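# Residue-level structure breakdown
Below, each chain spelled out in residue letters.
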Amino acid sequence: MHGLVFDTAHLLAGGLVLVSFMMLYQDRLSALLNTFALHALVLALSVAWQAHAQDAAHLYVTAAIAFLFKALLIPVVLRRIVQRLGIHRQIETVVGIGPTMLAGMGLVALSMVVMLRVTAEAAPLAREDLAFALSVVLLGLLVMVTRRNAVGQVVGFMSLENGLVLAATGAKGMPLVVEISVAFSILIALIVIGIVLFRIRERFDTVDVHVLDRHRGEQP
Amino acid sequence: MPVVVVLSCVAGLVGTGCVAIAAGHGPRACRAVYGASLVLSLAALAAALVALLDGAAGPSATVLPLGLPWLGAQFRVDALAAFFLVTVNLGGAAASLYGLGITGEPAPHRVVPFFPAFLAAMNLVVLADDAFTFLFSWELMSLASWALVMAHHREHDNARAGYVYLVMASFGTLALLLAFGLLAGADGGYGFADIRAAAPTPLVAGLVLGLVLLGAGSKAGIVPVHVWLPLAHPAAPSHVSALMSGVMTKVAVYGLVRVAFDLLGEPAWWWSMVVLALGGATAVLGVLYALMQHDLKRLLAYHTVENIGIIYIGLGLALAFKADGMGLAAALALTAALFHVLNHSLFKSLLFFGAGAVLAATGERDMERLGGLIRRMPLTAVAVLVGCVAISALPPLNGFVSEWLTLQAILQSPQLPQWGLKILVPAVGGLLALSAALAAACFVKAYGVTFLGRPRSPQAETAREADRFALAAMAAFAGLCLLAGILPGLVIDGLAPVAQALVGQRMAPQLGQPWLSIVPIGESQSSYNGLLVFAFIALSASMAIYAIHRWASRAARRAPAWDCGFPEASPATQYTAGSFAQPIRRVLGTGVFRAREHVDMPPPGDPRPARLTVDLRDLIWDGIYAPIARAVGFAADRLNHLQFLTIRRYLTLVFLALVTLLLVLALWV
């Protein structure tokens, strides 16, 4: 039984890293949003499995929140924003796919080396989870760095956030309060970003941050 | 429980400060704040005196549920803390008394709320028994005093003084923070009890001592980290200058004593070399700087630097003797240093009160525009004279006793086993003697030019005597200076529990000696009797006065004053501060300050006046601070373009920083 618990958790966390890689090479926004929904779905499954493995009922609630908000609500809302902005077909990466994927592999290797060495005394399940979680966080940052579009950066940030949730559920005894507050902070961030995006769009006719830079008042 | 009483007084002071913000800044509100500060300081003083003199009671401690959650705010009053609490609250009470009489303060709302907060913070530093509380109170003390320095922020140079002070205070706290971090170790035992229990390795102990010398030393005014002090102390209102110079520097000395003698455990002998060398250099350079100043308050501030040097010499000697197991000599040196702490807080506060009275009466700090004040302000003049005599270390006043005790400790140095100390200590003794002589010259100049002679400006001519509160504060401290000078045995015996706690031995009880003499080592070596000297001076002076009045001719002779062959000369022909300092400037200043004189002599036929200009350079500023400032300015210019990156660049920078740190971790662990 223990072997199955461990293997499944390993599989799901590894799946999260895999979906993070998939996000790296989505150059269209609608495809990126689909992948993000998949990312959140895998996260929800992983959290649910952790709830089962740790026999912690409140983690089911966490998993449900992750599924409802991150896999359903946020992608739907973002998709509507993208469509209303009319940028769902745009291609908007800065760095080419090849170098990005190579960098992502390097990051995963780095997080494995660091985490497995640092957490030598921890339980094996938590160790693997933390190593994968760090990979997801780093890949999320990489997504943010390689996108030029504000929506792409938001998605990168939220996948980074998924990595944090993975790390938190991997460790035993995370209180639900944290998860609820995190979910709501993401929701609020989404609303704020949505409003800001529309405002920016009204003003400047674009959400390309590269274009926005030209309108800053503090140029030297 | 003295600690509870003092803490209640601190709470009262903080409350007074908060009320002062709300209560407005009319004269009555100011008076109420100073009155409350006076009462609370006196109460804390009484509690501290009880704690110091009642040796049987032992330390009293308490923990408040503030600060770090697992640590709390720990407070403790032992003999050392009690002595410094006495010093702090004595100065605080006198400054509050002086404050009661202040009229015409241009910005009372910038002074009144911070004054009680400053007093409270200084009490808290001394009370603290864990590193967090100590550093917090230390920063509170720095900030409150900074706010007071900036009270008159529109005056010339005050903003710069505040800026330099803020930078140096942050630097000092950084050094202290690192020192306490090293002391607490990796486990984070921040309570002083934990730190005492953990014995640091010699390397860590040496590092901690160096950091504390930098951190506490910059607050105390040790050369070369003294630069803020002569700028900031005079910039504050005078009673605050008295507190900063007389009391806050003592709190800084407390920081060094607490760490070096208490927390670090057994000292190594080479520590004393560092402290002694710093003390000697500070003493001589401080008084040389003071001699070159013609601004009364700035002169006093530089002179504080000299006195801190003398205190450090005493502390260094105590460290040396303690490291070599010479308990009695260590007790003597430590007692001398702490005695000088008390003395300096008395006479420096007194002199700053006097300078404040002169400033209030004339609006002038420049000595070259004063003079003849002894006729307009006779009571102030007498009190300041007592302070000048005391600070010049002349018997029978208190300054002599503590410097004499320090010299007695220096005379014990041939018994030290290390050759380095055997050579260094007599050299430091020479520096101490030199600085004492120069201090006397400095105060002859300050007193003579300010109070004697004829007024050099209309403001000095129309000066009025200080108000009764200022006079009361000065009279009280002048009386205490005299009392500590003629009854030094009282103070020495009061300091015995401190010496016992810190170096394991105490000086022999002095109050039992016949005729109230003090005998630091043994009857055969040396003894001093302040009462006898005082009685002799009083007696011979009265006899001289009697003889003159009895036998001198009663025929009154009237002659022009200061008529040195120039009848009806203007006051500008008097001896000035600059001319008084000139011989010393030529002998010592040429090397130390690169002093150069330029004479601009017009050719015959040109009616333009000849000019003599003196050019002084501060080599410490030019050599240390100016290059640092240039480097910081250069780096700031280079880094400026980081202000103007795009969002994605910033994200990339954060990302790269994170990856780099992870790489370091991966390669290192």
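Residues numbered from 1 in each chain as written. Chains lettered and ligands numbered in written order. Predicted model: local features only at pLDDT ≥ 70, side-chain atom pairs only at ≥ 80, totals over all residues. Heavy atoms only, no water.

## As for the overall build of chain A
- Each helix and strand in chain A was counted, giving eight helices and zero strands.
- Secondary structure elements in chain A, listed N-terminal to C-terminal, are α-α-α-α-α-α-α-α.
- Relative to its 220 residues, chain A shows a buried fraction of 50%.
- By sequence separation, contacts in chain A at least 24 residues apart represent 75% of the contacts at least 6 residues apart.
- For chain A, the computed accessible surface area is about 10,200 Å², with 68% contributed by carbon and sulfur atoms. (Helix = DSSP H or I, 4+ residues; strand = E, 2+ residues; numbered from the N terminus. Buried < 20%, exposed > 50% of the residue type's maximum accessible area, 1.4 Å probe, protein only. Contact = heavy atoms within 4.5 Å. Areas by Shrake-Rupley, 256 points an atom, 1.4 Å probe, with all protein chains shown as cover.)

## Re the overall build of chain B
- A count of helical and extended segments in chain B gives 24 helices and four strands.
- Projected onto the principal axes, the alpha-carbon positions of chain B cover approximately 95 × 70 × 60 Å.
- Counting all 669 residues of chain B, 54% fall into the buried class.
- Charge separation in chain B, taken as the distance between the mean sites of 40 positive and 33 negative side-chain charges, equals 6 Å. (Lys, Arg positive; Asp, Glu negative; His and termini not counted. Charge placed at Lys NZ, Arg CZ, Asp CG, Glu CD.)

## A closer look at the interface of chain B and chain A
- Counting from both sides, the interface comprises 16 residues of chain B and, opposite them, 22 residues of chain A.
- Between chain B and chain A lies a buried interface of about 1,700 Å² when both sides are counted; carbon and sulfur atoms form 75% of it.
- For the chain B face of the interface with chain A, the top three residues by lost area are Phe644, Arg648 and Phe655 of chain B, together amounting to 36%.
- Linking chain B with chain A are one residue pair in polar contact (both at pLDDT 80 or more), by the criterion used here.
- The residue makeup of the side of chain B that touches chain A, split by class, is twelve nonpolar, three polar and one charged. (Buried area = accessible area lost by both parts, 1.4 Å probe. Polar contact = N/O pair within 3.5 Å; in protein donor to acceptor, adjacent residues only side chain to side chain. Nonpolar A, V, L, I, M, F, W, Y, C, P; charged D, E, K, R; others polar.)

## Considerations on the packing of helix α1 (residues 2-22) of chain B against helix α2 (residues 27-53) of chain B
Residue and element names in this part refer to chain B.
- Axis separation between α1 and α2 bottoms out at 9 Å; the angle between their running directions is 165°. Taken as axis vectors, α1 and α2 run roughly antiparallel relative to one another. For the pair α1 and α2, the sense of crossing is left-handed. Mapping the contact onto sequence places Pro2, Val5, Val6, Cys9, Gly12, Leu13, Thr16 and Ala20 in α1 and Val33, Ala36, Ser37, Leu40, Ala43, Ala44, Ala47 and Ala51 in α2. (Axes fitted to C-alpha atoms, helices over the stretch in contact; angles between N-to-C directions. Parallel < 35°, antiparallel > 145°, perpendicular 65-115°, else oblique. Left-handed = near helix turned anticlockwise from the far one by under 90°.)

## Regarding helix α15 (residues 378-391) of chain B
All names here are of chain B.
- With 14 residues, α15 should cover 20 Å at 1.5 Å per step; its first-to-last C-alpha distance of 20 Å lies within 8% of that length.
- Three or more residues of α15 are buried, namely Thr380, Ala381, Ala383, Val384, Gly387, Cys388, Ala390 and Ile391.
- Along its buried surface, α15 packs onto α12 (296-323), α13 (327-362), α14 (373-376), α16 (398-411), α17 (419-451) and α19 (468-486).
- Backbone geometry just downstream of α15 places Ala393 in the positive-phi region, at approximately 60°. (Expected span 1.5 Å × (residues − 1).)

## Overview of the domain arrangement of chain B
- In terms of domain boundaries, chain B breaks down into domain 1 (340-544) and domain 2 (620-668).
- The C-alpha-based centres of domain 1 of chain B and domain 2 of chain B are spaced at 51 Å. (Domains from an automatic or database assignment.)

## A few points about a nonpolar patch on the surface
All names here are of chain A.
- A surface patch of nonpolar side chains, amounting to about 560 Å² of accessible area, comprises Leu38, Leu41, Leu45, Phe67, Leu68, Leu72 and Leu73.
- The set of elements that each furnish at least two residues to the nonpolar patch consists of α2 (29-54) and α3 (58-85).
- With four residues, the top contributor of residues to the nonpolar patch is α3.
- Within the secondary structure layout, Leu38 lies in helix α2. (Patch = residues over 30% accessible without salt bridge, like charges linked within 9 Å, V, L, I, M, F, W, Y side chains within 5 Å. Salt bridge = Lys/Arg side-chain N within 4 Å of Asp/Glu carboxyl O.)

## Here we look at helix α3 (residues 79-100) of chain B
- Along its 22 residues, α3 of chain B runs 31 Å from first to last C-alpha, staying within 8% of the 32 Å computed at 1.5 Å per residue.
- The buried count for α3 of chain B comes to 22 of 22 residues, which makes it a mostly enclosed element.

## A look at the packing of helix α5 (residues 131-149) of chain B against helix α6 (residues 158-184) of chain B
All names here are of chain B.
- Between α5 and α6, the least distance of the axes is 10 Å, while the angle of their chain directions is 175°. As the angle between them shows, α5 and α6 are arranged roughly antiparallel. In contact with Ala131, Phe134, Leu135, Trp138, Glu139, Ser142, Ser145, Trp146 and Val149 of α5, α6 contributes Asn158, Gly162, Tyr165, Leu166, Ala169, Thr173, Leu176, Leu177 and Phe180.
- Across the contact of α5 with α6, the residue classes tally to twelve nonpolar, five polar and one charged.

## Describing the packing of aromatic side chains
All names here are of chain B.
- Counted according to the given criterion, the structure contains 19 aromatic pairs over all chains.
- With 5.3 Å between their ring centres and 55° between their planes, Phe134 and Phe180 make a pair best called tilted. Of this pair, Phe134 sits in helix α5 while Phe180 sits in helix α6, placing them 46 residues apart in sequence.
- Joined through ring pairs, the aromatic side chains of Phe134, Trp138, Phe180 and Phe192 make up one cluster.
- In this structure, Arg160 packs its charged tip against the face of Trp621, placed 5.4 Å from the ring centre. (Phe/Tyr/Trp six-rings, centres within 6.5 Å; stacked < 30°, edge-to-face > 60°. Lys NZ or Arg CZ within 6 Å of the ring centre and 35° of its normal.)

## Regarding unusual backbone geometry
All names here are of chain B.
- The step from Val223 to Pro224 runs through a cis peptide bond, and the omega angle for that step is 10°.
- Mapped onto the elements, Pro224 comes out in the loop between α8 (202-220) and α9 (229-235).
- The omega torsion across Pro395 and Pro396 is 5°, close enough to zero to call that bond cis.
- Within the secondary structure, Pro396 sits in the loop between α15 and α16.
- Even without a glycine there, the phi angle at Asp157 is positive, about 75°.
- Residue classification places Asp157 among the partly exposed residues on the basis of a relative accessible area of 39%.
- In this structure, Arg594 takes a positive phi of about 50° despite not being glycine.
- Structurally, Arg594 can be placed in the loop between α22 (577-592) and β3 (596-600).

## Here's the deal with the pattern of salt bridges
Residue and element names in this part refer to chain B.
- In total, this model carries 14 salt bridges over all chains according to the counting rule given.
- Between Arg258 and Asp262 there is a salt bridge; the shortest N-O distance is 2.6 Å. Taken together, the positions of Arg258 and Asp262, both in helix α10 (residues 238-263) and four residues apart, correspond to about one turn of that helix.
- Judged by relative accessible area, which is 15%, Asp262 ranks as buried.
- Ionic pairing is found between Arg586 and Glu597, a salt bridge with its closest N-O pair at 2.8 Å.

## Focus on the side chain of Asn162 of chain A
Residues and elements named next belong to chain A.
- Here Asn162 shows up in helix α6 (residues 150-170).
- Since its relative accessible area comes to 0%, Asn162 is described here as buried.
- Beyond its immediate chain neighbours, meaning those up to four positions away, Asn162 contacts Phe36, His39, Ala40, Leu43 and Lys70.

## With respect to the environment of Ala109 of chain A
- By the secondary structure assignment, Ala109 of chain A is in helix α4 (residues 97-118).
- Distance from Ala109 of chain A to Ala131 of chain A, taken between C-alpha atoms, is 9.6 Å for residues 22 residues apart in sequence.

## Details of the nonpolar core
- Met122, Leu127, Phe134, Phe180 and Phe261 of chain B are the most contacted members of the largest nonpolar core, which totals 214 residues.
- Setting aside chain neighbours within four positions, we find Phe180 of chain B in contact with Ala131, Phe134, Leu135, Tyr190, Phe192, Ile195, Val259 and Leu263 of chain B.
- The next biggest cluster of nonpolar side chains, apart from the first, holds 61 residues, and it includes Leu29, Ala51, Ile87 and Val151 of chain A. (Core = buried A, V, L, I, M, F, W, Y, C linked by side-chain atoms within 4.5 Å.)

## Structural notes on the confidence of the model for chain B
All names here are of chain B.
- Residues at a pLDDT of 70 or more form 98% of chain B, whose mean pLDDT is 90.
- Model confidence for chain B, summarised as mean pLDDT per element, is weakest for helix α24 (residues 647-668) at 86 and strongest for α15 at 95.
- Both scores are available for the predicted complex, with the pTM at 0.82 and the ipTM at 0.83. (pLDDT = per-residue confidence, 0-100.)

## Focus: the state of the cysteines
Residue and element names in this part refer to chain B.
- In total, this model carries zero disulfides over all chains according to the counting rule given.
- Cysteine Cys18 remains unbridged, with the sulfur of Cys9 as its closest cysteine sulfur at 16 Å.
- Classification of Cys18 as partly exposed rests on a relative accessible area of 48%.
- Of all cysteine sulfurs, the one in Cys18 lies closest to Cys30, which takes part in no disulfide; the gap is 16 Å. (Disulfide = S-S within 2.5 Å.)

## Quick word on the environment of Ser60 of chain B
All names here are of chain B.
- One can find Ser60 in strand β1 (residues 60-64).
- A residue is classified by how much of its surface remains accessible, and Ser60, at 8% relative accessible area, is buried.
- Along the primary structure Ser60 and Met1 are separated by 59 residues, whereas in three dimensions their C-alpha atoms are 6.3 Å apart.
- Filtering out sequence-adjacent residues up to four positions away, Ser60 remains in contact with Met1, Pro2, Val3, Phe75, Arg76 and Val77.

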